[in-house]
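Report on the structure
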Amino acid sequence: MLPKLGDPGPADLSDVPGAPDRGTELCRIGDIPENGARVFTYGPQEDPFEFFIQRIGDAVYAYRNLCPHIALPMDWRPGVFMDPQRTFFLCANHGAVFRPEDGYCFAGPCRGRYLTAIAIEIRDGAVCVG
Ligand code: FES
């Protein structure tokens, strides 16, 4: 069962219809622009499950693209999730601010809640379903 909105997760993609199996490569770290993100969408068109993988230096973070405030997608433009300084995730709707390392919201209307992390693994430079 997927975590409730606002819970840290991680979400297990085996609960998402059409998502790849555990261990499947999603992309290479090098395929993600430095300080950029890639967005992945699975599930039925009428109720898609979307998540993003953000690269910050050599680190990658994966979260559901759904703000715990009122369940809207977070990106400013498709695939852009961070503030102008590229320090925190910043929701485009009402300005909630989240720590990349754990998805915790420390400012804004959903303060104290979390983005839902997605279970991933890094293997030989690849980002895989965890
Ligand atoms: S939907 Fe993200 S802050 Fe309101």
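Up top you'll find the structure we're talking about.
Summary of the structure given here. (Residues numbered from 1 in each chain as written. Predicted model: local features only at pLDDT ≥ 70, side-chain atom pairs only at ≥ 80, totals over all residues.)

A separate point is the overall build of the protein. Across its full length, the protein carries zero helices and nine strands. Each helix (α) and strand (β) of the protein, taken in turn from the N terminus, gives the series β-β-β-β-β-β-β-β-β. A globule of 130 residues ought to have a C-alpha radius of gyration of about 14 Å, and the protein, at 14 Å, matches this closely. Across the 130 residues in the protein, those meeting the buried criterion constitute 29%. (Helix = DSSP H or I, 4+ residues; strand = E, 2+ residues; numbered from the N terminus. Rg over C-alpha atoms; globule rule 2.2 N^0.38 Å. Buried ≥ 20, exposed ≤ 12 C-beta atoms within 10 Å, placed from the backbone.)

Attention now goes to the environment of Ala 11. Relative to the assigned elements, Ala 11 resides in the segment before strand 1 (25-28). Looking at Ala 11, the number of C-beta atoms within 10 Å reads 22, which means it is buried. C-alpha of Ala 11 to C-alpha of Leu 115: the two residues are 104 residues apart in sequence and 10 Å apart in space. In contact with Ala 11, other than residues within four places in its own chain, are Leu 2, Pro 3, Arg 64, Thr 116, Ala 117, Ile 118 and Ala 119. (Contact = placed C-beta atoms within 7 Å.)

On to the nonpolar core, then. General note: in soluble globular proteins, nonpolar side chains tend to be found buried as a group. With 28 residues, the main nonpolar core has Ile 53, Ala 62, Tyr 63 and Ile 118 as its most contacted residues. Apart from the residues lying within four places of it in its own chain, the contact partners of Ala 62 are Phe 51, Ile 53, Ala 117, Ile 118 and Ile 120. (Core = buried A, V, L, I, M, F, W, Y, C linked by C-beta atoms within 7 Å.)

Take the sheet that holds strand 8 (residues 120-123) next. Remark on secondary structure: sheet strands pair via backbone hydrogen bonds, oriented parallel or antiparallel. Spatial ordering of the open sheet is given by 1-9-8, a layout of three strands whose pairing is antiparallel. At either margin of the open sheet sits one strand with a lone partner, and together these are strand 1 and strand 8. Adjacent strand axes in the sheet meet at a mean angle of 25° when their direction is disregarded. One ladder, built from three bridges, connects strand 1 with strand 9 (residues 126-129); its direction is antiparallel. (Pairing = 2+ DSSP bridges. Axes fitted to C-alpha atoms, helices over the stretch in contact; angles between N-to-C directions.)

Here we take up the sheet that holds strand 6 (residues 97-98). Taken together, three strands build an open sheet; the order of strands is 5-6-7 and the sheet is antiparallel. Both edges of this open sheet fall to strand 5 (89-90) and strand 7 (105-107), since each of them pairs with a single strand only. As paired strands, strand 5 and strand 6 are joined by two bridges and run antiparallel to one another. Paired with Phe 89 across the two strands is Phe 98, which belongs to strand 6.

Looking now at the environment of Ala 119. Note that Ala 119 resides in the loop between strand 7 and strand 8. When the C-alpha atoms of Ala 119 and Ala 92 are compared, they prove to be 24 Å apart, with 27 residues separating the residues in sequence. With near-sequence residues (within four places) excluded, Ala 119 lies in contact with Pro 10, Ala 11, Asp 12, Leu 13 and Gly 130.

Okay, the pairing of strand 3 (residues 49-56) next. Extensive coverage of strand 3 is indicated by the burial of six of its eight residues. Of the pairings in the sheet, the one linking strand 2 (residues 37-42) to strand 3 comprises six bridges and is antiparallel in character. Within strand 3, the residue paired with Phe 40 across the bridge is Phe 51. Counting the residues in the hairpin turn of strand 2 and strand 3 gives six residues, including Gly 43, whose phi is positive at 90°. Pairing analysis gives six bridges linking strand 3 to strand 4 (residues 59-64), with the strands arranged antiparallel. In the sheet register, Gln 54 faces strand 4, and the bridge partner there is Tyr 61. What sits between strand 3 and strand 4 in their antiparallel hairpin is a turn of two residues, with Gly 57 showing a positive phi close to 60°.

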